[in-house]
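Descriptive structure summary
Okay, here's what each chain looks like letter by letter:
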Amino acid sequence: MSAVMITRKVRKWEKLPGKNTFCCDGRVMMARQKGVFYLTLFLIVGTCALFFAFECPYLAIHLSPTIPFFAALLFLFVIAMLLRTSFSDPGVLPRALPEEATFIEMEIEAANGNVPAGQRPPPRIRNVQINNQIVKLKYCYTCKIFRPPRASHCSICDNCVDRFDHHCPWVGNCVGKRNYRYFYLFTTSLSLLTIYIFTFDIVHVVMRSVDNGFLNTLKETPGTVLEVLVCFFTLWSVVGLTGFHTYLISLNQTTNEDIKGSWSGKNRVQNPYSHKNIFKNCCEVLCGPTYPSVLDRRGLMQDDMPVSATPAAPSSSSLSSSNPVPQTTKTTAPLIPNEHTPDDAKPSIADSAEKSPSPREELPPAQKVPPLASPETDAETALAKDKIH
Amino acid sequence: MATEFHNLQELRHNASLVTKVFIQRDYSEGTVCRFQSKFPSELDNRIERTLLEETVKTLNSYYVEAEKIGGQSYLEGCLACATAYIIFLCMETRYEKVLKKISSYIQEQNEKIYAPRGLLLTDPVERGMRVLEISLFEDRGSGSSSPSSTMSSAGSAR
């Protein structure tokens, strides 16, 4: 029996359905249309560059050097939050594997009973009671799952996202459970940065005009005009957005729910997720646990091997070889990387857990079996894990 | 007929997959991660009710611990925010630590309880935290015990 050698390691992100683009070997996850994101980046970096070039030298000397210092801090924070929002997984729910989809279908059919021919079957809805409120879970025909409460399907990214807020073209990604707080911190810090730059632009122009006159000042520092223009228009939109999201957070609502009027109060429906306390709601959204990604983007795909009718299929030939054969020669799927001990028992358990759920003679060859590894979240945690282990 | 396995290795060598049962999420307490403790009928003659309920209860308690909003999560959140979340490059979040514990718990349960009965639990995190997947196996050597019967009563109307 020859061990199956893999020529190229395929990572799972390459086979993920949905309309996302991935960069840095699966560490970065964004929507397909990134044009507006580049515009956002350009506006922020460009305006700050003008500020540092034109205003800061004068203000550092005539007022205080802490002014450019805090501007730099704020700028770095804004960029960090923007990149974090744009590059992270918003909370995408992976699509149901075939067996799960079939299981759900059978449950639905059993629940519907016999539908007379010619009649449309009833809509696929499940009712759950949360905090004395009936919440309807809708079935997603694309992902073949009943969406959890507060999840919604983003048509732009073609994914179901948990606690879906909205799809933001400015950050080039959906905003959902995992990156909502980064998005909020981005809008807040951007508002502060805009106000900061706007204020000190005015201060700078006033101070310089006192010495040189208004028109001369504008000639000396032409960047100021651009900055003021950008900041003026940004202020209205970003500050407004921050205010709107602060309101949503205090009520523990998502933009999606607000737009649909899910908890608007008519028919006495109330938000079952709200703690009825502004402080508690804010704490939950902003200081709650950081959810890890359930999309295993950087895990290695198991190689699709040919199906054989006999139980001794080529794939299972590797199984019947001796236990301590290292995984890498047989399959690209890693063991449990975070817990793997160089122990004979553990590799065989992981091996069996990976292989036995998909014997080739029973399931289609395209069956993807994820390993028992815990999924990586982002680049940073992946690197951290590599460092630890 | 009950199939006897002594460990996961035998399962791997001799077993073939019959069907999979999915324990769904229980949303009655909101969006926290919690699985239903309803016992699937397909497992009636495979495993004792109390064992599975105990496993699900322990898993639920782990998830409650992971998602607890209290002093530690505030501290973690504030500290991370103050460092612009760069600290997550070096530090593991509490949720990830608990997920590791869950992973080892499931492995231990598989070794001790489920594999000897021809069953295998899959960590919910690999199914998007939507379902707890239980794979049913049977001995390849013995005759197939009419898998269709296990799949017929899949639905309980909701």
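Not measured: the values here are computed from a predicted model.

Along its length, chain A carries twelve helices and ten strands. The burial tally for chain A puts 52% of its 389 residues in the buried class. For chain A, contacts bridging at least 24 residues in sequence account for 66% of all contacts bridging at least 6.

This paragraph deals with the overall build of chain B. Within chain B, the regular secondary structure consists of five helices and three strands. Mapped in sequence order, the helices and strands of chain B form the string α-β-α-α-α-β-β-α. Burial statistics for chain B: of 158 residues in total, 55% are counted as buried. Long-range pairs, those at least 24 residues apart, make up 66% of the contacts in chain B between residues at least 6 apart in sequence.

What follows deals with the sheet that holds strand 2 (residues 119–122) of chain B. Here three strands make up an open sheet; going across it, the order is 1-3-2 (chain B) and the pairing antiparallel. Across the chains shown, the open sheet's two edge strands, defined by having one partner strand only, are strand 1 (15–24) and strand 2 of chain B. Between one strand and the next, the sheet's axes are offset by a mean angle of 25°, whatever the strand orientation. Taken together, the four bridges between strand 2 of chain B and strand 3 (residues 131–139) of chain B define a ladder with antiparallel strand orientation. Bridge pairing in strand 3 of chain B links B:Leu121 to B:Ile134. The sheet strands contacting helix 3 (residues 98–112) of chain A are strand 1 and strand 3 of chain B, and the helix crosses strand 1 of chain B at an angle near 60°. Contacting strand 1, strand 2 and strand 3 of chain B, helix 2 (residues 49–66) of chain B crosses the sheet at an angle of about 150° to strand 3 of chain B.

Residues and elements named next belong to chain A. Following the UniProt record, one finds the feature "transmembrane region" (unreviewed entry) at residues 36–54, 60–83, 182–206 and 226–250. Each end of residues 36–54 is marked by a C-alpha atom, and these two atoms are 27 Å apart; helix forms 100% of the span and strand 0%. Helix makes up 100% of residues 182–206 and strand 0%. Its end C-alpha atoms lie 36 Å apart.

What follows is about the layout of surface pockets. Of the voids in this model, the largest pocket is the one considered here, and its volume is about 1,000 Å³. As for the largest pocket, its lining consists of 47 residues, of which A:Glu284, A:Tyr291, B:Thr31, B:Val32 and B:Glu67 are closest to the centre. Only strand 3 (92–93), helix 4 (180–212) and helix 8 (278–287) of chain A together with helix 4 (94–114) of chain B provide two or more residues apiece to the lining of the largest pocket. Broken down by element, the residue count for the lining of the largest pocket peaks at four residues, all from helix 8 of chain A. Split by residue class, the lining of the largest pocket holds 24 nonpolar, nine polar and 14 charged.

Once that is clear, we can look at the environment of A:Val36. All names here are of chain A. With respect to the secondary-structure elements, Val 36 resides in helix 1 (residues 35–62). Residue Val 36 is classed as partly exposed on the basis of its relative accessible area, which comes to 32%. In this structure, the C-alpha to C-alpha distance between Val 36 and Ser 191, residues 155 residues apart in sequence, is 19 Å. Apart from the residues lying within four places of it in its own chain, the contact partners of Val 36 are Pro 169 and Trp 170.

Let's shift gears to unusual backbone geometry. All names here are of chain A. Of note in this structure, Cys 24 is not a glycine but carries a positive phi near 55°. A positive phi angle, close to 75°, is found at Arg 150, a residue other than glycine. Residue position: Arg 150 is located in the loop between strand 6 (145–146) and strand 7 (152–154).

Annotation from UniProt places "domain: Golgin subfamily A member 7/ERF4" (unreviewed entry) at residues 21–133 of chain B. Taken end to end, residues 21–133 of chain B has its terminal C-alpha atoms 6 Å apart, with 45% of it in helix and 10% in strand.

Residue and element names in this part refer to chain A. Mapping Cys 154 onto the fold places it in strand 7. Remark: the alpha-carbon pair of Cys 154 and His 167, spanning 13 residues in sequence, is separated by 7.2 Å. With sequence-adjacent residues up to four places away left out, Cys 154 is seen in contact with Asn 159, Phe 164, His 167 and Cys 174.

Another aspect to go through is the confidence of the model for chain A. Looking at chain A as a whole, the pLDDT averages 78, with 76% of positions reaching at least 70. Confidence, read as mean pLDDT per element, is least for helix 9 (residues 314–320) of chain A in chain A (39) and greatest for strand 9 (residues 166–168) of chain A (95).

Our focus in this paragraph is the packing of helix 1 of chain A against helix 6 (residues 223–251) of chain A. All names here are of chain A. Relative to each other, helix 1 and helix 6 sit at 140°, their axes nearing to 9 Å. If you check the angle between helix 1 and helix 6, you find them oblique. The element helix 1 and its partner helix 6 pack so that their crossing is left-handed. Where helix 1 approaches helix 6, its residues Leu 43, Thr 47, Leu 50, Phe 51, Phe 54 and Glu 55 are matched on the opposing element by Gly 223, Thr 224, Leu 226, Glu 227, Val 230 and Cys 231.

The rules behind each value
Residues numbered from 1 in each chain as written. Chains lettered and ligands numbered in written order. Predicted model: local features only at pLDDT ≥ 70, side-chain atom pairs only at ≥ 80, totals over all residues. Heavy atoms only, no water. Helix = DSSP H or I, 4+ residues; strand = E, 2+ residues; numbered from the N terminus. Buried < 20%, exposed > 50% of the residue type's maximum accessible area, 1.4 Å probe, protein only. Contact = heavy atoms within 4.5 Å. Pairing = 2+ DSSP bridges. Axes fitted to C-alpha atoms, helices over the stretch in contact; angles between N-to-C directions. UniProt positions renumbered as here; feature names shortened; annotations may be inferred. 1 Å grid on protein atoms, 1.4 Å probe; cavity = no way out; pocket = protein on both sides within 12 Å on 5 of 7 lines; lining within 4 Å. Points joined across faces, edges and corners; volume = space filled by probe spheres on them. Nonpolar A, V, L, I, M, F, W, Y, C, P; charged D, E, K, R; others polar. pLDDT = per-residue confidence, 0-100. Parallel < 35°, antiparallel > 145°, perpendicular 65-115°, else oblique. Left-handed = near helix turned anticlockwise from the far one by under 90°.

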